[in-house]
Amino acid sequence: MTQENQTSPNPFDPKRFRMSSDSQQGPAAQKVLTNLGVRKPTRQQFVRVNPNPELRLECGLLELDGQPRPYLVLPEFAHLLGTDMKERELRLASDRQHNPFLWPVPSLPQEGHDNAWNISHRLIADASEHTWVRMVANVSLGSYEAFEAQGSGIPEPKWPSLNLEQLLELAFGVSHTIDREDHPAVLTLRGAV
């Protein structure tokens, strides 16, 4: 070994790479939300609902067979859709991987009878405001069942810093908003396309 090698520091000395707790300033980049799903949670997914009433919307939704994303319906065009349109309350939700989505929860019926599926669906969505919950269909019971997460150190959801208008734009965009009589989804239901 030469004299020069003895005085220069080892480039892989572990002391050079040890991080102190104050050396982390945060991520170099911030996740930008570019898409927002509109769906029920899957049966194996623990979710939370944001309790802020400002992030909820009572609305009409149209689901077309074979389409993964529903359509948001302006009230003045609801009559064009008949019973194909469903009244829902969109609620901002998140899974444990911090993926936000809009959960379409069945609305309270204006008239007529409610059913056990819709009642249990609403109760589980309400419960998920305070704890991580999974919603599983029980066909023999004729309703959904809730399962609470048992972990004690599960972090709170990271909610996007967007208002309801921005969330709706991400979720539906122009293509999935029924705002005219000749919208392709309306024409599909009429058999005109």
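Presented here is an overview of the structure given in this document. What you see is a predicted model; the values in this text were computed from it and never measured. (Residues numbered from 1 in each chain as written. Predicted model: local features only at pLDDT ≥ 70, side-chain atom pairs only at ≥ 80, totals over all residues. Heavy atoms only, no water.)

## So, the overall build of the protein chain
- Across its full length, the protein chain carries four helices and nine strands.
- Along the protein chain, helices and strands appear, N-terminal first, in the series α-β-β-β-β-β-β-α-β-β-α-β-α.
- Taking 16 Å as the expected radius of gyration for a compact globule of 193 residues, we find that the protein chain reaches 24 Å, considerably beyond that expectation.
- Projected onto its principal axes, the C-alpha coordinates of the protein chain cover approximately 90 × 40 × 30 Å. (Helix = DSSP H or I, 4+ residues; strand = E, 2+ residues; numbered from the N terminus. Rg over C-alpha atoms; globule rule 2.2 N^0.38 Å.)

## A short note on the pairing of strand β7 (residues 133-138)
- By the bridge criterion, six bridges tie β7 to strand β8 (residues 143-148) in an arrangement that is antiparallel. Looking at β8, one finds that Val133 is bridged to Glu148.
- Between β7 and β8, which pair antiparallel in sequence order, lie four residues; one of them, Gly142, sits at a positive phi of approximately 80°. (Pairing = 2+ DSSP bridges.)

## Concerning the packing of aromatic side chains
- Scanning all chains against the criterion turns up one aromatic pair.
- Here Trp117 and Tyr144 contribute two aromatic rings whose centre-to-centre distance is 5.0 Å and whose plane-to-plane angle is 80°, an arrangement assigned as edge-to-face. Placement of the pair is Trp117 in helix α2 (residues 116-127) and Tyr144 in strand β8, with a sequence separation of 27 residues.
- Residue Tyr144 is classed as buried on the basis of its relative accessible area, which comes to 16%.
- In this structure, Arg39 is placed above the aromatic ring of Phe101, and the distance from its NZ or CZ to the ring centre is 3.9 Å.
- Directly above the aromatic system of Trp132 lies the positively charged group of Arg48, at a separation of 5.7 Å from the ring centroid. (Phe/Tyr/Trp six-rings, centres within 6.5 Å; stacked < 30°, edge-to-face > 60°. Buried < 20%, exposed > 50% of the residue type's maximum accessible area, 1.4 Å probe, protein only. Lys NZ or Arg CZ within 6 Å of the ring centre and 35° of its normal.)

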